[in-house]
Amino acid sequence: MRAKCLTEKGTIGICSPSHLVDFEEFQHILSEIRKRGFGVQEADNLYKDTYGYLATPQERADDFNQLIADRDADLVFFGGGEGANELLPYIDYDLIRKNPKQICSYSDGTTILNAVWAMTGLETYYGQTPYLFKNITQYDEAQFMDHIVTGKAAKHSSNSAWQVQTTGKAEGILVGGYARNFALLLNGGYFPIDLKKKYILFIEDADNFGVGYVSAMLSHIEQHEFMQSVTGVIYGHSFEKDHHRLLERLKRLGKQYQIPVVYCDDFGHGTNHAILPIGRMAKLDTEEKELIYI
């Protein structure tokens, strides 16, 4: 299931499942979004800090559900942080099925994006947050337009050199995101996927984590039966320190499972913020260095 695109004068609903929003800072962000012709709908609890570090899970989930129900909001847009997993029991999945709309985030948003797709069948979008509009790059804005506004993206548009670790071709449903969140999601109750189907896993991590941490998260994923359904892996931006060891780890992953694996700097916590549609069928060809949406 795919929601209708955000129109060029459509409304973007803003909530914050994972972090406290600074009111003054956010006014500039919302101003930049409005400059591009979009309307903005701020959820009722957007600026609440009930716990001191976050609003309550119910308050944050109420905001998310509010924007899903809002007929004027075409896109539900939010950033990362910590705590998105707390919302999963409070999200109204039946409402999403009845009123599907685009949902986009990244980092900690991984949890909600994958759970929504798995629970409802609605494709979601990984890779961008409202904060990018503070000083959005040409590449990021093109990604937002191609995936969210026009929906014309037929294949992944790269803005970096792909570093192929194991060659080959793969076909499957795109799933993934932030390494820790995806790994933890596999053992929760909100990711009921069909393991008889095939998946292309995209994964990334932040600059402040090293290869040991990433390897542990990959191992957590590998120890789940989900890995037997993975036909290919795309790793997004990561740290520069010990980068060669990360590539070695990815090569071992590819060889062990005899699947194509590639590293790039196109998406994640780096300079480039490509959007990847969770739940979309795709073909990965590491020899041609391309990812095509089906």
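Residues numbered from 1 in each chain as written. Predicted model: local features only at pLDDT ≥ 70, side-chain atom pairs only at ≥ 80, totals over all residues. Heavy atoms only, no water.

K.L.:
Sorry, what's going on with the side chain of Asn45 here?
P.N.:
Residue placement: Asn45 occurs in the loop between β2 (39-42) and α2 (57-69). Since its relative accessible area comes to 14%, Asn45 is described here as buried. Once you skip the residues sitting within four places of it in the chain, Asn45 turns out to touch Glu59, Asp62 and Asp63. (Helix = DSSP H or I, 4+ residues; strand = E, 2+ residues; numbered from the N terminus. Buried < 20%, exposed > 50% of the residue type's maximum accessible area, 1.4 Å probe, protein only. Contact = heavy atoms within 4.5 Å.)

K.L.:
Please explain the pairing of strand β12 (residues 281-285) as it appears in this structure.
P.N.:
When a strand is regular, its side chains alternate between the sheet's two faces. Pairing between strand β7 (residues 169-178) and β12: five bridges, direction antiparallel. Following the sheet pairing, Lys169 is matched in β12 by Asp285. Pairing analysis gives four bridges linking β12 to strand β13 (residues 290-293), with the strands arranged antiparallel. Bridging across to β13, Leu284 finds its partner in Leu291. (Pairing = 2+ DSSP bridges.)

K.L.:
Help me understand the sheet that holds strand β11 (residues 276-278), please; the structure alone is not making it clear to me.
P.N.:
The pairing of strands in a sheet happens through backbone hydrogen bonds and is either parallel or antiparallel. Read from one edge to the other, the open sheet built from six strands follows the order β2-β1-β3-β4-β5-β11, with strand pairing classed as mixed. Edge positions in the open sheet fall to β2 and β11, since each of these has one partner strand only. Strand-to-strand, the axes of this sheet are offset by a mean angle of 30°, without reference to chain direction. Alignment of strand β4 (residues 102-105) against strand β5 (residues 124-126), held across two bridges, turns out to be parallel. Its bridge partner being in β5, Cys104 is matched across the sheet by Tyr125. (Axes fitted to C-alpha atoms, helices over the stretch in contact; angles between N-to-C directions.)

K.L.:
Please clarify how the sheet that holds strand β9 (residues 230-235) should be interpreted in this entry.
P.N.:
Spatially, the seven strands line up as an open sheet ordered β6-β10-β9-β8-β7-β12-β13, and their pairing is mixed. Looking at the sheet topology across the chains shown, the edges are occupied by β6 (163-166) and β13. The sheet shows a mean angle of 30° between the axes of neighbouring strands, taken without regard to direction. Here β7 pairs with strand β8 (residues 199-204) via six bridges, running parallel. Among the inter-strand pairings, Gly176 is bridged to a residue of β8, identified as Phe202. With respect to the sheet, helix α8 (residues 243-257) is in contact with β6, β9 and β10 (261-263), its orientation differing from that of β6 by roughly 40°.

K.L.:
Where do I start with the pairing of strand β1 (residues 11-14) in this structure?
P.N.:
Taking every second residue as pointing to the same face, both faces of β1 are buried, with Thr11 and Gly13 on one and Ile12 and Ile14 on the other. Where β1 and β2 come together, four bridges link them in parallel fashion. Bridge pairing in β2 links Ile14 to Glu42. The handedness of the β1 to β2 crossover, carried by helix α1 (residues 23-35), is right-handed. (Right-handed = clockwise from strand over helix to strand, strands pointing away.)

K.L.:
How should I be thinking about the environment of Glu222 in this particular structure?
P.N.:
Take Glu222: it is sitting in helix α7 (residues 211-222). Among the residues examined, Glu222 registers a relative accessible area of 12% and is labelled buried. When the C-alpha atoms of Glu222 and Lys101 are compared, they prove to be 32 Å apart, with 121 residues separating the residues in sequence.

K.L.:
How should I be thinking about the pattern of salt bridges in this particular structure?
P.N.:
Where charged atoms from two side chains of opposite charge come close, those side chains can pair. Using the criterion set out here, one finds 15 salt bridges in the structure. Note that Glu141 is salt-bridged to Arg36, the shortest N-O span being 2.8 Å. Pair noted here: Glu141 is in helix α5 (residues 138-149) and Arg36 is in the loop between α1 and β2, with a separation of 105 residues, a long-range link. Of the residues examined, Arg36 reaches a relative accessible area of 28% and is grouped as partly exposed. Note that Arg97 and Asp94 form a salt bridge whose closest N and O atoms lie 2.4 Å from each other. (Salt bridge = Lys/Arg side-chain N within 4 Å of Asp/Glu carboxyl O.)

K.L.:
Help me understand α5 in this model?
P.N.:
An α-helix turns once per 3.6 residues; consequently, residues spaced three or four apart project the same way. Those residues of α5 lying buried are Tyr139, Asp140, Gln143, Phe144, His147, Ile148 and Val149. Trailing α5 by a residue or two, Gly151 shows a phi angle of about 70°, which is positive.

K.L.:
Mind showing me how you'd approach the nonpolar core here?
P.N.:
As a rule of thumb, nonpolar side chains are buried together in soluble globular proteins. Of all hydrophobic cores here, the largest spans 75 residues; its most connected members are Phe64, Phe226 and Leu291. With residues near it in sequence (within four places) discarded, Phe64 still touches Cys15, Val76, Phe78, Ile91, Ile96, Ile103, Ile112 and Val116. Membership of the second largest hydrophobic core comes to 21 residues, among which are Leu6, Ile12, Cys104 and Tyr125. (Core = buried A, V, L, I, M, F, W, Y, C linked by side-chain atoms within 4.5 Å.)

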